[in-house]
Amino acid sequence: HTHTHTHTHTHTCHTHIHAGARANKLMPEEFTGGCTSVSNLGMFDISEFIAVLNPPQSTIFAVGSTSAKAFPDGKGGIEARNVMRVSVTHDARVVDAFVAEKLCGALKDGIENPALIFM
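Residues numbered from 1 in each chain as written. Predicted model: local features only at pLDDT ≥ 70, side-chain atom pairs only at ≥ 80, totals over all residues. Heavy atoms only, no water.

Peer 1: Residues and numbers for the state of the cysteines, please.
Peer 2: Enumeration over the complete set of coordinates arrives at 0 disulfides. As a non-bridged cysteine, C35 has C104 as the owner of its nearest cysteine sulfur, 14 Å distant. For C104, a relative accessible area of 23% translates into the label partly exposed. (Disulfide = S-S within 2.5 Å. Buried < 20%, exposed > 50% of the residue type's maximum accessible area, 1.4 Å probe, protein only.)

Peer 1: So what's going on with the pattern of salt bridges? Which residues, and what values?
Peer 2: This model, assessed by the stated rule, comprises 4 salt bridges. Between R85 and E48 there is a salt bridge, with its nearest N and O atoms 3.5 Å apart. One end of the pair, R85, is in strand β3 (residues 78–90); the other, E48, is in the loop between β1 (36–40) and β2 (59–72), with 37 residues separating them in the sequence. The class for R85 is partly exposed, based on a relative accessible area of 48%. With its nearest N and O atoms 3.0 Å apart, the salt bridge here joins E112 to K108. On the criterion of helical spacing, the pair formed by E112 and K108 is a turn pair, its members being 4 residues apart in helix α2 (residues 97–112). (Salt bridge = Lys/Arg side-chain N within 4 Å of Asp/Glu carboxyl O. Helix = DSSP H or I, 4+ residues; strand = E, 2+ residues; numbered from the N terminus.)

Peer 1: Go over unusual backbone geometry with me, naming the residues and quoting the values.
Peer 2: The omega torsion of the bond from P55 to P56 falls at 10°, within 30 degrees of zero and hence cis. The residue P56 is located in the loop between β1 and β2 in this model. With a phi angle near 60°, N24 is a residue other than glycine that sits in the positive phi range. Relative to the helices and strands, N24 is located in the loop between α1 (7–22) and β1. Taking the relative accessible area as the measure of exposure, N24 reaches 70% and is therefore exposed.

Peer 1: Requested: an account of the sheet that holds β1, with residues and values cited.
Peer 2: The strands making up a sheet associate through hydrogen bonds between their backbones, and the pairing can be parallel or antiparallel. If you trace the 3 strands from one edge of the open sheet to the other, you get β1-β2-β3, paired in mixed fashion. Unpaired on one side and paired on the other, β1 and β3 mark the two borders of the sheet. Across the sheet, the mean angle from the axis of one strand to that of its neighbour is 35°, orientation sign disregarded. By the bridge criterion, 12 bridges tie β2 to β3 in an arrangement that is antiparallel. Across the sheet, P72 pairs through a bridge with I78, a residue of β3. (Pairing = 2+ DSSP bridges. Axes fitted to C-alpha atoms, helices over the stretch in contact; angles between N-to-C directions.)

Here it is, written out as structure tokens:
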């Protein structure tokens, strides 16, 4: 429900959860019951995978590693850009495919244009 909280409140909650996780002192109710999860195997140099959805989550993002790919530079040449593969697994009983696609698009836009997060 971060859309209903101020940035300061969200930051305070995040700091509390982060500190509790580092100290191994989180209670189960502090890390269960969410709706979306992120599984990051990119840090192990895995380029893409399908994440397994754990109830009661309705969606989970699978984040792969980045790699340089060649793209046209718009001037007749080629330039290297970092590309990251992300997929979403969703429970179709809760989130239909159109909504999951929009969620992926919003994540892509946020990663490519971080300033959008504050708008």
